[in-house]
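# Results of the structural survey
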Amino acid sequence: MDLTADGLLSSAARRLVPRADELIAEVTRLLRREVPELWSTPEIAGKTASNIAEHINGVLTGLRHGIDPATIGLPPTDMEHSRRLARHGTAVTAILRAQRLAESVVVDAMLAELPRLTDDPELISATARRMVATATAYVDRSSEQGVAAFQEERDRRLRWRLSVVTEAGQRIGTTLDIARTTQELADLATDRFADGVTVDLLDSVVDGTPPTDPPVLRRMAQRASAGDVEPMIEPRERYLCPPDSPSAHALATGHPSRDRDGTGLVLPLTARGTTLGVARFLRYRAQEVFDDEDLLLAQEIAARAAVAVDNARRYTHARATALSLQRSLLPQGTADQSAVDVATRYLPAGDRAGVGGDWYDVIPLSGARVALVVGDVVGHGIHAAATMGRLRTAVRTIADFDLPPDELLTHLDDVVIRLAAEAATDPEAPATGDLGATCLYAVHDPVTGRCSLARAGHVPPAVVAPDGTVDLLDLPSGPPLGVGGLPFEAVDVDLPEGSLLALYTKGLVEARGHDVGAGQELLREALARPADSLEEACDTVLRTLLPEDRPHGDVALLLARTRTLGDRQVAAWDLEADPAAVSRARANAARQLTDWGLEELDFTTELVVSELVTNAIRYGRPPIRLRLIHDGALMCEVSDAGSTTPHLRRAQNYDEGGRGLLLVAQLAEHWGTRHARHGKTVWAELSEDGQVPLPGLDDLDVASLI
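Residues numbered from 1 in each chain as written. Predicted model: local features only at pLDDT ≥ 70, side-chain atom pairs only at ≥ 80, totals over all residues. Heavy atoms only, no water.

Moving on: the pattern of salt bridges. Summed over all chains, the structure comprises 46 salt bridges. In this structure, Glu-293 engages Arg-154 in a salt bridge whose closest nitrogen and oxygen atoms are separated by 3.0 Å. Here Glu-293 is found in helix H10 (residues 292–329), whereas its partner Arg-154 is found in helix H6 (residues 121–171), with 139 residues between them in sequence. For Arg-154, a relative accessible area of 29% puts it in the partly exposed group. Between Glu-422 and Arg-390 there is a salt bridge, with the nearest N and O atoms lying 3.5 Å from each other. With Glu-422 in helix H12 (residues 405–425) and Arg-390 in helix H11 (residues 382–399), the pair connects residues that are 32 residues apart, well separated along the chain. Residue Arg-390 is classed as partly exposed on the basis of its relative accessible area, which comes to 47%. A single network of salt bridges, built from pairs that share partners, joins Glu-167, Arg-171, Asp-187, Asp-191, Arg-192 and Arg-223. (Salt bridge = Lys/Arg side-chain N within 4 Å of Asp/Glu carboxyl O. Helix = DSSP H or I, 4+ residues; strand = E, 2+ residues; numbered from the N terminus. Buried < 20%, exposed > 50% of the residue type's maximum accessible area, 1.4 Å probe, protein only.)

The structure is reproduced here in structure tokens:
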């Protein structure tokens, strides 16, 4: 026997080699009790046990063969074991403590063998010191290498986690669509750290309805790395959340949970104090389970996704409210009239832009005429939709006065200026910038075939002639509504029967890929294509100019095909400014009614004609003209060159006059006055059914008024 410290160490190691399994078992028991972190999962436990055996067998073998302790090699899997522990979130102190505990067990076993090999106390003491120094040096080398590998892996994991979080910020929430946002979360997670992901939102969150108990979830997104995994719940399917499930726990407590085997994570999606749903992350292909760092990463991603989902939810609900408001303010159908055939379309803007203030309208006017209106309020959202509704109501109200288009726009301009002033002084009004709008107002007369148009900063209309020629009408632009102080100018255009008038908003011709000019050229090409109906023509225009599902801005489109009323529907007579002309006017009207087969209206029509012609002769100025229009109803019109407007009043018992217009108002469905550049027209519309309700005229001697 080599009676040196190194020789004695070699002999002691030789005696312990047959008992290596006992040493390994003793170290394993100690570490299981003192360092349970190294046994947290079956995978980690197996790697830890293998690492213990490699260290003990390596040290005993090296000492047995007299290898310089400083050159005893560390196990080749030692660094990988440290990296694996780092990936599982084990603290580095656990590794260091385990090495010191294992060192103490091996050193104690070696020291226990020394007295059995020699009774020389000095040799035993020297060998013990040598043993402690050797063990300390070995553990220091192993610790230094393990800590370096551990820290390298931790740094790499930190960089990876930061990159995933950054990627989540870029990939999740690219749109304001709830379904797409949740799918982006599922796609990112399966690409980066999970084998399968499901995202379920509370049904009350998606629909904006009150929550239920038990909660109802809706599967919004799911994805699995393995394509052959069949989902138990289909996308968009609703289901009751089981009371004792991890999802129910996450919804109730707001805390994440992990499956017992570590292969599943369930995280609540919470944003701004509101729980929106749950996300479940699964691992079923990889050997690794979810550790604390995986949970932290999943929480960070889920938090970002929850904010994006909440943003999409809030936008979706606000958009739905604004869209519902706007659609309720738009015409639900076009009024019955025979001046034009119309087809309309309204398309809200895409998700990012939101609902705007585009509108259209078709307003029947006196004399069988019709007003066509298209407008665009600046801005988006509920405020723009509400402003649009107020302007549409204002247009309809002003249109009842039968004003020319330029005068109507002047009054509408004043309305916008007043609305802007009210908004500026209202502290609760939203800060949406200056209130403004554009508008195109056109009045078509089917009797003359003439259309009068004026625009306030709006895009010009297009006209398709009966031969298929398409032109943009060269109308004076006029200032946008709300500027004030500048005039508007109307233009009269003759439109033959069968002409197509296209009114639209800027969103139709302005897109990301081209400017307004290029869009108008596309519009001309689309309008030039043959179409079997106006509805088909609308669809052709939208397909040509808006290939995407949703346009960049709001779009309103109104197509009107003109009609004309011929001699069979219109009759007119010039009258002298002589009271004797009243009887001739009645006779002419009676003969015309006979030709039209409206004999049952003789009495009512003669009364109305008498009063209107008498007022024109008495209070107006020549020339005087009587016109009858048969278009669904019977329209009686009397025109003169005077500008005095007749007013309805109730005559006293002893008044000799003042009852004429009262009688007309009772006999007619509608009546009114419209002014032209020179003179005026008083009109009355009579129903074809011949019924003449006369409430309040029981004491009136009707015969004396004829």
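The next subject is unusual backbone geometry. With an omega of 0 degrees, the peptide bond running from Asp-213 to Pro-214 counts as cis. Omega for the peptide link from Pro-622 to Pro-623 comes to 0 degrees, which places this bond in the cis form. Within the secondary structure, Pro-623 is located in the loop between helix H17 (602–619) and strand S18 (624–631). Although it is not a glycine, Arg-236 sits at a positive phi angle of roughly 70 degrees. For Arg-236, a relative accessible area of 43% puts it in the partly exposed group.

Okay, the sheet that holds strand S12 (residues 462–464) next. Sheets are built from strands paired through backbone hydrogen bonds, the pairs being either parallel or antiparallel. A sheet is described by the order of its strands in space; here 5 strands give the open sequence S7-S16-S15-S12-S13, paired in antiparallel fashion. The open sheet has two edge strands, strand S7 (340–347) and strand S13 (470–472), and neither has a second partner. Between one strand and the next, the sheet's axes are offset by a mean angle of 15 degrees, whatever the strand orientation. Two elements, S12 and S13, share 3 bridges in a ladder whose sense is antiparallel. Bridge assignment links Val-464 to a residue of S13, and that residue is Val-470. (Pairing = 2+ DSSP bridges. Axes fitted to C-alpha atoms, helices over the stretch in contact; angles between N-to-C directions.)

Relative orientation of the contacting elements helix H1 (residues 5–16) and H6 amounts to 75 degrees, with a least axis distance of 9 Å. Comparing their axes, H6 and H1 come out roughly perpendicular. Residues Ala-5, Asp-6, Leu-8 and Leu-9 of H1 form the contact with H6, whose own contacting residues are Leu-123, Ala-126, Thr-127, Arg-130 and Met-131. (Parallel < 35°, antiparallel > 145°, perpendicular 65-115°, else oblique. Contact = heavy atoms within 4.5 Å.)

This part is about the sheet that holds strand S11 (residues 450–456). Across the sheet, 5 strands lie side by side as S8-S9-S10-S11-S14; this open sheet has antiparallel pairing. Across the chains shown, the open sheet's two edge strands, defined by having one partner strand only, are strand S8 (356–364) and strand S14 (491–494). Neighbouring strand axes in the sheet, compared pairwise and without regard to direction, differ in orientation by 15 degrees on average. The sheet strands contacting H11 are S8, strand S9 (370–380) and strand S10 (437–445), and the helix crosses S8 at an angle near 20 degrees.

Here the focus is the side chain of His-81. Mapped onto the elements, His-81 comes out in helix H4 (residues 78–87). We classify His-81 as buried; its relative accessible area is 9%. Each residue touching His-81, except ones within four places of it in the same chain, is listed here: Ile-44, Lys-47, Thr-48 and Asn-51.

A few words now on the environment of Thr-316. Structurally, the position occupied by Thr-316 is in helix H10. According to the relative accessible area criterion, Thr-316 is partly exposed, its value standing at 29%. Separated by 289 residues in the primary sequence, Thr-316 and Thr-605 have C-alpha atoms spaced 56 Å apart. Contacts of Thr-316, omitting those with residues within four sequence positions, involve Leu-176 and Ile-178.

Moving on, we come to the confidence of the model for the protein. Summing up the model confidence of the protein, the mean pLDDT is 85 and the portion of residues at 70 or higher is 91%. Segment residues 696–706: pLDDT under 50, and 13 contacts once partners within four positions in sequence are set aside and those in other chains are kept. (pLDDT = per-residue confidence, 0-100.)

Attention shifts here to H12. When the terminal C-alpha atoms of H12 are compared, their 31 Å separation across 21 residues agrees well with the 30 Å that a helix rising 1.5 Å per residue should span. Inspection of H12 places Pro-405, Asp-406, Leu-408, Leu-409, Leu-412, Asp-413, Val-415, Val-416 and Leu-419 among the buried residues, and these make up the whole buried set. Looking straight down H12, one finds its buried side chains confined to an arc of 165 degrees; they lie on one side. Exposed residues lying more than 90 degrees from the buried face of H12 are Ala-424 and Thr-425. (Expected span 1.5 Å × (residues − 1). Arc of directions from axis to C-beta.)

Inspection of the sheet shows strand S1 (residues 196–202) paired to strand S2 (residues 216–224) by 7 bridges, in the antiparallel sense. Bridging across to S2, Val-199 finds its partner in Ala-221. Two strands pair when backbone bridges link them, and S2 and strand S3 (residues 238–240) are joined in this way by 3 bridges, in the antiparallel orientation. Across the sheet, residue Leu-217 finds its bridge partner in S3, namely Tyr-239.

Applying the stated rule across the entire model yields 0 disulfides. Here Cys-439 is not cross-linked by a disulfide; its sulfur's nearest cysteine counterpart is in Cys-451, at 13 Å. Residue classification places Cys-439 among the buried residues on the basis of a relative accessible area of 0%. (Disulfide = S-S within 2.5 Å.)

Counting 52 residues, the largest nonpolar core has Trp-359, Leu-372, Leu-391, Leu-409 and Tyr-441 as the members making the most contacts within it. Ranked by size, the runner-up nonpolar core spans 46 residues in total, among them Ile-172, Leu-217, Ile-233 and Ala-305. (Core = buried A, V, L, I, M, F, W, Y, C linked by side-chain atoms within 4.5 Å.)

By the definition in use, this model includes 1 aromatic pair. Measuring from ring centre to ring centre gives 5.5 Å for Phe-193 and Phe-281, while their planes differ by 35 degrees; the resulting arrangement is tilted. With Phe-193 in the loop between helix H7 (178–192) and S1 and Phe-281 in strand S6 (residues 274–282), this residue pair connects regions lying 88 residues apart in the sequence. Exposure class is identical for Phe-193 and Phe-281. Each is buried. (Phe/Tyr/Trp six-rings, centres within 6.5 Å; stacked < 30°, edge-to-face > 60°.)

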